[in-house]
Amino acid sequence: MAIIHKTTMTPGKMELLAGWLPAQPWYVPTGRAPAPARAGGFRLDDPQGEVGLEFMVLSEKSGGGPVAYHVPLTYRGAPLEGAEAALIGTSEHGVLGRRWVYDGTRDPVLVGQLLSLLQGRAAAQAQGLSDTRDPSVTTDFDGRTLPVPLLPPVRPQVAHTAQDTEIALGDGPRLAVSRVLRPLDRAGAPHGAVGRVTAGWSTPDGTAHRGIFAALYAG
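A.B. asks: Summarise the sheet that holds strand S5 (residues 87-93); cite the residues concerned and give the values.
C.D. replies: Strand order in the open sheet made by the 6 strands is S1-S5-S6-S4-S3-S2, with antiparallel pairing throughout. With partners counted over all chains shown, the strands left at the sheet margins are strand S1 (9-10) and strand S2 (37-44), one partner each. Helix H2 (residues 108-118) contacts S2, strand S3 (52-60) and strand S4 (67-76) of the sheet and is inclined by roughly 85° relative to S3.

In structure tokens, the structure reads:
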């Protein structure tokens, strides 16, 4: 059970992410300095209780209207070996001390727990509350199509598109983590997916949306 500390981080998450976002291949340029704002998300627990796992939604205004980004993050008390390219930055946590903040799609702990969520072996947790489930996060999984349990790679290999980050799961299966979120009423369900994680977020004007945060494919 993850404990959510009511404290500070220096630099803060938004400051770290504002410097990191523009370099990502799925980022939509706005022509001005990035100014992301929190728009939703949830957490998962690390069974070992060592790594913080957060699935954050950021909203930013652009010429075509607000864009919602899904940014999975991990928070570690020491560097993750071999994951230098995934490091977003370091921050001083008011309770836990220095934390290394990573793009969670390249962290095997987050990928493993996301797969556990899809397969019904983990439960989504509220983003800002300790020991509180978030029932608004829903999943479905076709266990007849892929054997269980699906396990994460030791060092996740990722490929980016303009919409998502794809993670290879051995010979065939792949996990597509949505980066630019689209409401279900506009995007629909991903074609050919055998598993999905669906959750919500809000636009700056308070409008609530739901969409696919991750989709699992057999090949």
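A.B. asks: Any details on the pairing of S3? Residues and values, ideally.
C.D. replies: Burial analysis of S3 places 9 of its 9 residues in the buried class, which makes it a mostly covered element. Relative to S3, S2 runs antiparallel, the two being bridged by 7 bridges. Along S3, the bridge assignment pairs Gly40 with Val57. Alignment of S3 against S4, held across 9 bridges, turns out to be antiparallel. Looking across to S4, one finds that Ser59 is bridged to Ala68.

A.B. asks: Describe in detail the sheet that holds strand S7 (residues 138-141), supporting the description with residues and values.
C.D. replies: In space, the 6 strands of this open sheet follow the order S7-S11-S12-S10-S9-S8, with antiparallel pairing throughout. With partners counted over all chains shown, the strands left at the sheet margins are S7 and strand S8 (158-160), one partner each. Averaged over all pairs of adjacent strands, the angle between strand axes in this sheet comes to 20°, irrespective of strand direction. Bridge count between strand S10 (residues 174-178) and strand S12 (residues 208-217): 4 bridges; the pairing is antiparallel. Its bridge partner being in S12, Arg174 is matched across the sheet by Tyr217.

What counts as what
- Residues numbered from 1 in each chain as written.
- Predicted model: local features only at pLDDT ≥ 70, side-chain atom pairs only at ≥ 80, totals over all residues.
- Heavy atoms only, no water.
- Pairing = 2+ DSSP bridges.
- Helix = DSSP H or I, 4+ residues; strand = E, 2+ residues; numbered from the N terminus.
- Contact = heavy atoms within 4.5 Å.
- Axes fitted to C-alpha atoms, helices over the stretch in contact; angles between N-to-C directions.
- Buried < 20%, exposed > 50% of the residue type's maximum accessible area, 1.4 Å probe, protein only.

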